[in-house]
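Residue-level structural notes
Below, each chain spelled out in residue letters.
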Amino acid sequence: MQELQLGKLRYLVTFPEGFSDEKRYPVILCLHGAGSRGSDIRALISNPFFKLIEKHERFPFVCIAPLCSENTWFDLWEHLEKLVVEIAGLPFADQNRIYLMGASMGGYATWQLAMSMPRYFAAIVPICGGGMYWNAERLVNVPVWAFHGAKDPVVLLEESVKMVEAVNRSGGKAKLTVYPENGHDAWSDTYSDPNVFLWLLQHRCENGNACVDNYNCSDLYG
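If you trace the backbone, Ile28 turns up in strand β3 (residues 25–31). The class for Ile28 is buried, based on a relative accessible area of 0%. Separated by 22 residues in the primary sequence, Ile28 and Leu6 have C-alpha atoms spaced 17 Å apart. Not counting chain neighbours up to four residues away, the residues in contact with Ile28 comprise Phe49, Phe59, Phe61, Val62, Cys63, Ile64, Tyr99, Met101, Phe197 and Leu200.

What follows is the structure, encoded as structure tokens:
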């Protein structure tokens, strides 16, 4: 595990076993929730994401997890976008297999970052998050697998439902898994499930530079 910094963002990077600079690897950008905010990078080391992916055998991904040192990811948005561009330019990163996932506050940021920069992501996994479903058309070519707890008292299940339905209405490919007995913690089951990561690997980036945005009339949309 390495600690690096880009602008105001400090982030951790883990590498698959047998990593070689001469090969290209799938990359997961993971955005943590509000519970790991702060200035102490050690909060990321103990984040459930890193603790749970360690249990997967032959895990092929380079994983990159930035630390939110402000109140929300949206306070660091410019730096987060620069990190995405940085990742795409890494010599060991497979540009066609960059994936995005995040939980809670990171789930909201996952939805929004994918809508802001859809051409970079091959697939996304937003967990117990939500977003601006009126803008979901921008994800028409970005496969989505969302997760949520049915008994979540912090972020209501309908937030994920609205986003997934909006993507599918636009002709995209989004699905939602609901854990019937889970509260807000939908991430532990998701990070522990090898099928989630196998699903990611099935997808390569197909978005190119194509983006859809039909909400450009101020008379109708403010």
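Leu29, Ile64, Trp111, Leu113, Phe121, Ile124 and Leu139 are the most contacted members of the largest nonpolar core, which has 43 residues in total. Among the secondary structure elements, those contributing two or more residues to this core are β2 (9–14), β3, β4 (62–66), α3 (77–88), β5 (93–103), α4 (105–116), β7 (144–149) and α5 (157–169). When sequence neighbours within four positions are dropped, the list of residues in contact with Ile124 reads Leu100, Thr110, Trp111, Ala114, Leu139, Val142, Pro143, Val144, Trp145 and Trp199.

Here we come to the packing of aromatic side chains. Evaluated as defined, the whole model comprises 14 aromatic pairs. A centroid spacing of 5.3 Å and a plane angle of 70° characterise the contact between Phe49 and Phe50, whose relative ring orientation is edge-to-face. You can call Phe50 buried: its relative accessible area is 3%. Taking 5.0 Å as the distance between ring centres and 15° as the angle between the ring planes, the aromatic pair formed by Phe74 and Trp77 counts as stacked. Under the relative-accessibility criterion, Phe74 is labelled partly exposed at 42%. Taking relative accessible area as the criterion, Trp77 reaches 15% and is therefore assigned buried. Here the aromatic cluster, defined as three or more aromatic residues joined through ring pairs, consists of Phe15, Phe19, Tyr25 and Phe92.

Our focus in this paragraph is the pattern of salt bridges. By the definition in use, this model includes 9 salt bridges. The salt bridge partner of Lys8 is Glu70, with a shortest N-O separation of 3.2 Å. Highlighted residues: Lys8 in the loop between β1 (2–6) and β2 and Glu70 in the loop between β4 and α3, separated in sequence by 62 residues. Judged by relative accessible area, which is 32%, Glu70 ranks as partly exposed. One salt bridge connects Glu78 with Lys82, and the closest N-O pair in it is separated by 3.4 Å.

With 13 residues, α5 extends 19 Å from end C-alpha to end C-alpha; this agrees with the ideal 18 Å at 1.5 Å per step. Within α5 the residues assigned to the buried category are Ser160, Met163, Val164, Ala166 and Val167. Viewed end-on, α5 has its buried residues packed into an arc of 160°, placing them on one side of the element. A positive phi of about 95° marks Gly171, the residue just after α5.

Rules used throughout
- Residues numbered from 1 in each chain as written.
- Predicted model: local features only at pLDDT ≥ 70, side-chain atom pairs only at ≥ 80, totals over all residues.
- Heavy atoms only, no water.
- Helix = DSSP H or I, 4+ residues; strand = E, 2+ residues; numbered from the N terminus.
- Buried < 20%, exposed > 50% of the residue type's maximum accessible area, 1.4 Å probe, protein only.
- Contact = heavy atoms within 4.5 Å.
- Core = buried A, V, L, I, M, F, W, Y, C linked by side-chain atoms within 4.5 Å.
- Phe/Tyr/Trp six-rings, centres within 6.5 Å; stacked < 30°, edge-to-face > 60°.
- Salt bridge = Lys/Arg side-chain N within 4 Å of Asp/Glu carboxyl O.
- Expected span 1.5 Å × (residues − 1).
- Arc of directions from axis to C-beta.

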